[in-house]
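# Structural description and commentary
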Amino acid sequence: MATAALGTAMLALPPGRALAQPTPLARAIPSSGEMMPAVGLGSWITFNVGNDPALQAECTAVMAAFFAGGGHMIDSSPMYGSSQAVIGRGLAALGRPAALFSAEKVWTSAGSNGPAQIDETRRLWGVERFDLLQVHNLLGWEAHLDTLFAMKAAGRLRYVGITTSEGRRHDLVEQIMARQPLDFVQLSYNPVDREAEQRLLPLAAARGIAVIVNRPFQQGALTRRLEGAPLPAFAGEIGATSWAQLILKFILAEPAVTVAIPATTRVDHVRENLAAASGPLPDRELRGRIAAHLGAL
Amino acid sequence: MEPWSTYRLDDFLLFSPRVYWRLFEAQNAALWPLHLATMLAGLALVLLILRRPGRAMLWTGLLLAPLWAFVAWSFLLQRYAGINWAMDYAAPAFFLQAVLLLAAAVMPGGPALGRRDAVSRAGLGLAVAGLLPYPALALASGRPLTMAEVFGIAPDPTVLVTIGLLLMARGRWLALLLPIPLLWCLFSGLTLLAMREAQAWPVLAGAGLATVLAALRLAQPASRR
């Protein structure tokens, strides 16, 4: 079964394609200096395919293309239905790629339930330990942070973080970032949702906290809105050949951002996303034009 | 806690429409041709209610109860729960509904058919709509017939037919038998709405209509229920 899935995944990759790709942009995780390719892989909705073998194989193909293109970080959550199990199957089919940077979350209101949920998540992924565990949407954050910091101190976890999305609870996120020794914060940020620029991104830079950007395409709503609209001429100045690449380049040009984690079900899209981290990024002036252009559409 | 007003409906959607509709394709492929039996049984119930109302509600309960349990087990737990953890709560509600339908059918004082009025005629329309046109919504929505939702196989038409048949009856049991089907319609309609499926509207409209009809039925004096 695993061999068949791996075969399907590899069939989706044209021979030599990965070798032809340039090395993607990487950013340092401030708390360790470890380099992280700036485009990761989210799994919200896209990897929740249940027991459907054909769709599971598609997800494995996406993961294969992601690793072949130099990607490291895959992010999921207990909230994402079957995504964790699908990732675990994919990793097993791909022979557990050494490049994997496993980013997971704890998502339960009771702090006492956190360790059991983390163990179950670890079993689903088939990993000995996670690289990063985050408190999902700040649910039960005080108790879970205690657990995660204790795990990190015991060597059972490398990094600790918190997450929010769609601009929610930024005040509390800011307080926690200011007071807790976090390694990562995950938030939503894109050319039409720039609230994080006001306080969170500067604070992350000041405190040495790595930033993961989720929902760069607003769960696909942003790219759907742009479908059919012609790319502006200035996209060519930074080598962006699609709206998705233009949006990702806008995000990655923000110095405080460490990694963006677009989610996709398509191999061509994961390659397109990874390619956004290669070549030039927009400067401040061009970023302003990108935001203005998208905001006007 | 962030106000609920900051959430959009699609913030609660855990899966893509493609994955959702493939659940029905897999269910249909696994169970065909059981669909013919469930649809014939549904039509037989409608005919029984129309032609021989005396013991029709007994047979309605005896047929619907196992179908609710079957849909809970074969679809909600075996398929839908894989992508939606809310099914861990919905499936027990379906099993409870099966028990209630069975109890209402066999216990004294259960639902009984009465004089045909506007509510019962609307209920009949809802039941027939759930049986016959509902599977065709797949084609109308651009999906293949292999993804059709069929009474006794998929939850939505099973629930709609149940509501329709119950609205044809009278009795105190209706207050116990209608909440779970109505809540499911609301849940499923909102799920379809979050997926931007036009099919959400008939489900939500059916639920809305059924709620009004149920309120009318339950508001009637006990002697006329």
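A brief report on the enclosed structure follows. Keep in mind the model is a prediction, meaning the values are calculated, not measured. (Residues numbered from 1 in each chain as written. Chains lettered and ligands numbered in written order. Predicted model: local features only at pLDDT ≥ 70, side-chain atom pairs only at ≥ 80, totals over all residues. Heavy atoms only, no water.)

Our next topic: unusual backbone geometry. At the junction of B:Trp32 and B:Pro33, the peptide bond is cis and its omega measures out at 10° in the coordinates. In this fold, B:Pro33 is placed in the loop between helix H1 (17–31) and helix H2 (34–51). Phi is positive for A:Asn137, which is not a glycine, with a value near 50°. Within the element layout of this structure, A:Asn137 appears in the loop between strand E5 (130–135) and helix H6 (141–153). The phi dihedral of A:Arg215 is positive, around 45°, even though this residue is not glycine. Within the fold, A:Arg215 resides in the loop between strand E8 (210–214) and helix H9 (221–226). On the accessibility criterion, A:Arg215 (16% relative accessible area) is buried. (Helix = DSSP H or I, 4+ residues; strand = E, 2+ residues; numbered from the N terminus. Buried < 20%, exposed > 50% of the residue type's maximum accessible area, 1.4 Å probe, protein only.)

Moving on to the packing of aromatic side chains. Aromatic ring pairs are described here by two measures, namely the spacing of the ring centres and the angle between the planes. Taken as a whole, this structure holds 20 aromatic pairs over all chains when the rule is applied. Their ring planes at 85° and their centres at 5.4 Å tell us that A:Trp125 and A:Phe130 sit as a pair that is edge-to-face. Both residues of the pair, A:Trp125 and A:Phe130, belong to the buried class. Geometrically, the ring pair formed by B:Phe75 and B:Tyr80 is tilted, given 5.9 Å between the ring centres and 55° between the ring planes. Take B:Tyr80: its relative accessible area is 2%, and that puts it in the buried class. These aromatic residues form a ring-pair network of at least three members: B:Phe15, B:Tyr20, B:Trp21, B:Phe24, B:Phe75 and B:Tyr80. (Phe/Tyr/Trp six-rings, centres within 6.5 Å; stacked < 30°, edge-to-face > 60°.)

So, on to the sheet that holds E5(A). Residues and elements named next belong to chain A. An order of E3-E4-E5-E6-E7-E8-E9 is seen for the seven strands of this open sheet, with the pairing classed as parallel. Two strands in the sheet have a free side with no partner beyond their single neighbour: strand E3 (73–75) and strand E9 (259–260). In the sheet, E5 pairs with strand E6 (residues 157–163) via five bridges, with the strands oriented parallel. Pairing of Phe130 across the sheet is with Leu157, part of E6. (Pairing = 2+ DSSP bridges.)

Residue and element names in this part refer to chain A. Summarising burial for strand E4 (residues 101–106): six of the six residues are buried, a large majority. On E4, burial covers both faces: Phe101, Ala103 and Lys105 on one face and Ser102, Glu104 and Val106 on the other are all buried. Pairing geometry for E3 and E4, over three bridges, is parallel. Among the inter-strand pairings, Ile74 is bridged to a residue of E4, identified as Ser102. For the segment spanning E3, helix H4 (residues 83–93) and E4, crossover handedness is right-handed. Two strands pair when backbone bridges link them, and E4 and E5 are joined in this way by four bridges, in the parallel orientation. Pairing of Glu104 across the sheet is with Leu133, part of E5. You can see the chain leave E4, run along helix H5 (residues 114–125) and come back into E5, and the turn it takes is right-handed. (Right-handed = clockwise from strand over helix to strand, strands pointing away.)

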